[in-house]
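# Structural overview
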Amino acid sequence: MLGKDNAYQEFSDDDNAENNTASPDRFGDIKDHDDSISPEDDVRSSMLSMMVSKTCLKNVFTVVLIFIYVLLTAVAAFLAYQTISDFLDKVNHPVMSVTYKEVDTFSPPGITLYPGNAQLLSCHHHRHDNIPPLVDPGKPQVGDCLITEVTYVGPFSNQTQKKALVVRGPSDVRNKELIFMQFGQNKTEEDFSAITYMLFAKYSDLADSVNKSEFMRHCERNYSTWTLSGGFRTWVKMSLVRTTGKSNESVQFLQESTVVKFNDRRPESERSTKLFFAVFEWRDPFMQEIRLIVTANAWSSVAILCGVFMAFFKAANFAKLSVQWIIRMRRRHQRNKVKELNPITEEGSSK
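Residues numbered from 1 in each chain as written. Predicted model: local features only at pLDDT ≥ 70, side-chain atom pairs only at ≥ 80, totals over all residues. Heavy atoms only, no water.

This paragraph deals with the nonpolar core. Counting residues in each nonpolar core, the largest one holds 27 residues, and the members touching the most others are Leu113, Val167, Met181 and Phe280. Residue assignment for this core shows that the elements contributing at least two residues are β2 (110-114), β6 (178-185), β7 (194-200), β9 (232-244), β10 (249-261) and β11 (274-282). When residues of this core are assigned to their parent elements, the largest contribution, four residues, is made by β11. Ignoring anything within four residues of it in the chain, the contact list for Val167 reads Pro109, Gly110, Ile111, Leu113, Cys123, Cys145, Leu146, Ile147, Ile179, Met181 and Tyr203. Among the nonpolar cores identified, the runner-up in size contains 12 residues, and Leu206, Phe215, Met216 and Cys219 belong to it. (Core = buried A, V, L, I, M, F, W, Y, C linked by side-chain atoms within 4.5 Å. Buried < 20%, exposed > 50% of the residue type's maximum accessible area, 1.4 Å probe, protein only. Helix = DSSP H or I, 4+ residues; strand = E, 2+ residues; numbered from the N terminus. Contact = heavy atoms within 4.5 Å.)

Right under this line is the structure:
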């Protein structure tokens, strides 16, 4: 019995020894297998994460660039709108350019007087602002003025007939040429004693006109009128303003007038006649010229618009290429992902 038990114990110890010697090798094989798989997985996962990070970075950069180009396109569109608006505004609202031209003589203007019941007593040319003392005021005197009398129907009423005395005005501004006129009015039904007058650019226009009545109607329709007061001397200093527009030209008179009371020394029997005195001369030798200038430059506007449209096309082309590049990157990423998943699928199927 003892021999049998000893034999069984030895057999068991041999089996245990074999098992103990076999198990370390088996665990070693498993450890070696684990050591051989994990580095490849780490490299593969690190490469995948790097590719994903680069792709995301490129996509973000592309989106930022597209946003910048969209912003620049919006700025270019606003610039184009502003350029067109400024051009149209400058065309519709020209700038006024004022220049002064110095002259030695002016064209003699036409001084139109509407005396009514008054009578022209005298008209003389003087120079250097020198008016001699009055001799026999209130009595007709011989003058040296060139006068044209015109009778016509007023432009604003077909039933009103007017009588106008048109005097050839002064021209020698360097020598301060002036015209001194005296009117007398015996009776009047008006509440105020006044004589209306009007100025137009050239006396020669009336002298050369075939229809003087129609010419005076046109002048009264387009020029302003002023008045001379009875019992005073009105000194009128004229200045000429010539305005040149887009298609026409106009002439306007500016005037400065001073009024001085007449000291009537006539006998009481003669004072029933109301006297008017008027002096006309040029203020200075400068003629004011006003020109309407369009400051809009069509070439500069066209150049700006060309640059804006080039920016539009460039932005559209860049956006198109960016979208194509994003699509290609997504397809490439999908292909790489499929290639990475194929070995794993094959290993699973082989096991």
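In a beta sheet, neighbouring strands pair by backbone hydrogen bonds and run either parallel or antiparallel. Strand order in the open sheet made by the five strands is β4-β5-β2-β7-β8, with antiparallel pairing throughout. Strands at the two margins of the open sheet, each flanked by one partner only, are β4 (147-153) and β8 (225-229). If you compare each strand with its neighbour and ignore which way they point, the axes differ by 30° on average. Relative to strand β5 (residues 161-168), β2 runs antiparallel, the two being bridged by four bridges. Bridge assignment links Ile111 to a residue of β5, and that residue is Val167. (Pairing = 2+ DSSP bridges. Axes fitted to C-alpha atoms, helices over the stretch in contact; angles between N-to-C directions.)

Turning next to helix α3 (residues 212-222). Within α3, the full set of buried residues consists of Phe215, Met216, Arg217, Cys219 and Glu220. Residues of α3 that are buried make contact with β2, β4, β5, β7 and α2 (203-207).

The subject of this paragraph is the state of the cysteines. Applying the stated criterion across every chain yields a total of one disulfide. The partner cysteine of Cys123 in its disulfide is Cys145, sulfur to sulfur 2.1 Å. An S-S torsion of about -85° defines the bridge between Cys123 and Cys145 as left-handed. You can see Cys123 sitting in strand β3 (residues 119-126) and its partner Cys145 sitting in the loop between β3 and β4, a full 22 residues away along the chain. Judged by its relative accessible area of 4%, Cys123 is buried. (Disulfide = S-S within 2.5 Å.)

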